[in-house]
Amino acid sequence: MSTTPTTRLILETLLPHLKVAAAYANFLQPKIAALPAKEQAKNFFAAALTDADVAIQNLIEVVLLATFPDIRFYGEEYESSNNTKYFRATELGSEGDYLVTLDPIDGTKFYMDGHSNYQIILSILNSDDFKAVIAISPAQNIYFYALRGEGAFKGTLEMSLEACAPLHITSAQPAILLGWGMNSIAHLLKDRYKVIDIATDYSSDIQIPNLNGILSGDLSGAVIKSGKFLDSAALAFIAKEAGWIVTTLDGSTLPPLHTCKNYSLPGLIVAASKSVHQDLLSALQKTSPKMNVET
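Reference entry: report on the structure contained in this document.

What counts and what doesn't
- Residues numbered from 1 in each chain as written.
- Predicted model: local features only at pLDDT ≥ 70, side-chain atom pairs only at ≥ 80, totals over all residues.
- Heavy atoms only, no water.
- Helix = DSSP H or I, 4+ residues; strand = E, 2+ residues; numbered from the N terminus.
- Buried < 20%, exposed > 50% of the residue type's maximum accessible area, 1.4 Å probe, protein only.
- Pairing = 2+ DSSP bridges.
- Axes fitted to C-alpha atoms, helices over the stretch in contact; angles between N-to-C directions.
- Contact = heavy atoms within 4.5 Å.
- Expected span 1.5 Å × (residues − 1).
- Phe/Tyr/Trp six-rings, centres within 6.5 Å; stacked < 30°, edge-to-face > 60°.
- Lys NZ or Arg CZ within 6 Å of the ring centre and 35° of its normal.

1. What to know about unusual backbone geometry
Positive phi values are uncommon outside glycine, yet Asn141 reaches one of about 55°. Inspection of the secondary structure assignment puts Asn141 in the loop between strand S4 (130-137) and strand S5 (142-147). Looking at Asn141, the relative accessible area reads 29%, which means it is partly exposed. The backbone of Tyr263 sits at a positive phi, close to 55°, despite the residue not being glycine. Within the secondary structure layout, Tyr263 lies in the loop between strand S12 (245-248) and strand S13 (264-265).

2. A few points about the sheet that holds strand S14 (residues 268-271)
The pairing of strands in a sheet happens through backbone hydrogen bonds and is either parallel or antiparallel. Spatially, S9-S8-S10-S14-S12 is the arrangement adopted by the five strands of the open sheet, whose pairing is mixed. A strand with exactly one partner marks an edge of an open sheet, and here the two such strands are strand S9 (194-197) and S12. Here the average twist between neighbouring strands, direction ignored, is 15°. Against the sheet, helix H7 (residues 232-241) touches strand S10 (221-224), S12 and S14, its axis set at about 35° to S14.

3. Some points on the sheet that holds S5
Taken in spatial order, the seven strands make up an open sheet running S1-S2-S3-S4-S5-S6-S7, and their pairing is mixed. Whereas interior strands pair on both sides, the edge strands pair on one side only; in this sheet they are strand S1 (72-75) and strand S7 (165-166). Summarising the sheet, S4 and S5 pair through six bridges and their orientation is antiparallel. Bridging across to S5, Val133 finds its partner in Ala146. Contacting S1, strand S2 (99-106) and strand S3 (119-125), helix H3 (residues 51-67) runs over the sheet at an angle of about 155° to S2. Where H7 meets the sheet, it contacts S2, S3, S4, S5 and strand S6 (151-156), and its direction lies at approximately 100° from that of S4.

4. With respect to H3
Taking 1.5 Å per residue as the helical rise, H3 with its 17 residues ought to reach 24 Å, and the 25 Å between its terminal C-alpha atoms agrees with that figure. Of all the residues in H3, the buried ones are Ala52, Asp53, Val54, Ile56, Gln57, Ile60, Glu61, Val63 and Leu64. Contacts made by the buried residues of H3 are with helix H1 (7-28), S1, S2, helix H4 (108-112) and S3.

5. Things to note about the packing of aromatic side chains
Geometrically, a pair of aromatic rings is defined through the distance of the ring centres and the angle of the planes. Under the defined criterion, the tally for this structure stands at ten aromatic pairs. Where Tyr145 meets Phe153, the ring centres are 5.0 Å apart and the plane angle is 20°; that geometry is what we call stacked. As far as the burial class goes, Tyr145 and Phe153 line up, both buried. The interplanar angle of 85° and the centroid separation of 6.4 Å between the aromatic rings of Phe229 and Tyr263 together place this pair among those described as edge-to-face. Placement of Phe229 in the loop between strand S11 (227-228) and H7 and of Tyr263 in the loop between S12 and S13 is noted, with a sequence separation of 34 residues between them. Using a relative accessible area of 3% as the deciding quantity, one classes Phe229 as buried. Pairwise contacts between aromatic rings join Tyr74, Tyr78, Phe130, Phe229, Phe237 and Tyr263 into one cluster. The side chain of Lys31 reaches across the aromatic face of Phe27, ending 4.1 Å from its centre.

Remember, this is a structural readout, not a statement about activity or role.
Structure representation (structure tokens):
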């Protein structure tokens, strides 16, 4: 096997193609036609599958196979892709043998309903933790990225990686996002925060913050039942590199990725400050037997 490319080289190589994917997604959004829903989807967000998901993944797969043919790759639409079989592997490798992951449209339901806060998320994973994440918001003409130990950055789609400015999430709104299955703690937080329960507050007509609101300042915290490598865990990594607090639902440090199953970390608390983290942790501790919190 050839030498593994650096994380920065992978991002620099893929960024122009991700920008093309962003332009495509933005163009297609008002014209999108839904494909058949994914089988065995647990909620209507996971069930949403569009032409854009498959097309964007195919684009990035072609670039990866042509440029880094020995790279490991796992894309959300692997079952619909004709390219999956050509990659050397789709799972995490040993130390230094990176896995690239892609969520071609994170927030597909938001995308299908015409909202602007969907993203294209590409990550580079080592056996222990994320090495890098880039999250592009096509409709908002911005992107965020983070490299492990180097901080997080924000720029417009016209900017190179080097031109982006450090991401400082200041004056975050006193709003908390509760992911699927987390609504049991809502009543314990409503006296201090605007609580957004994704399962009940989503609207096709009125845009509410998605998890990427932690990067824009629309949220000061979030509680997620399962931190999927493809999306929520990736966004949490960017927030952590920007100085936020990220733990499991019992307040523990995140476990190494290779100890996790199904491309997913256990549940996540993502908080802008120690006080917000303590509020979320306290609420979870009061309701954990009822919720059967994953730890």
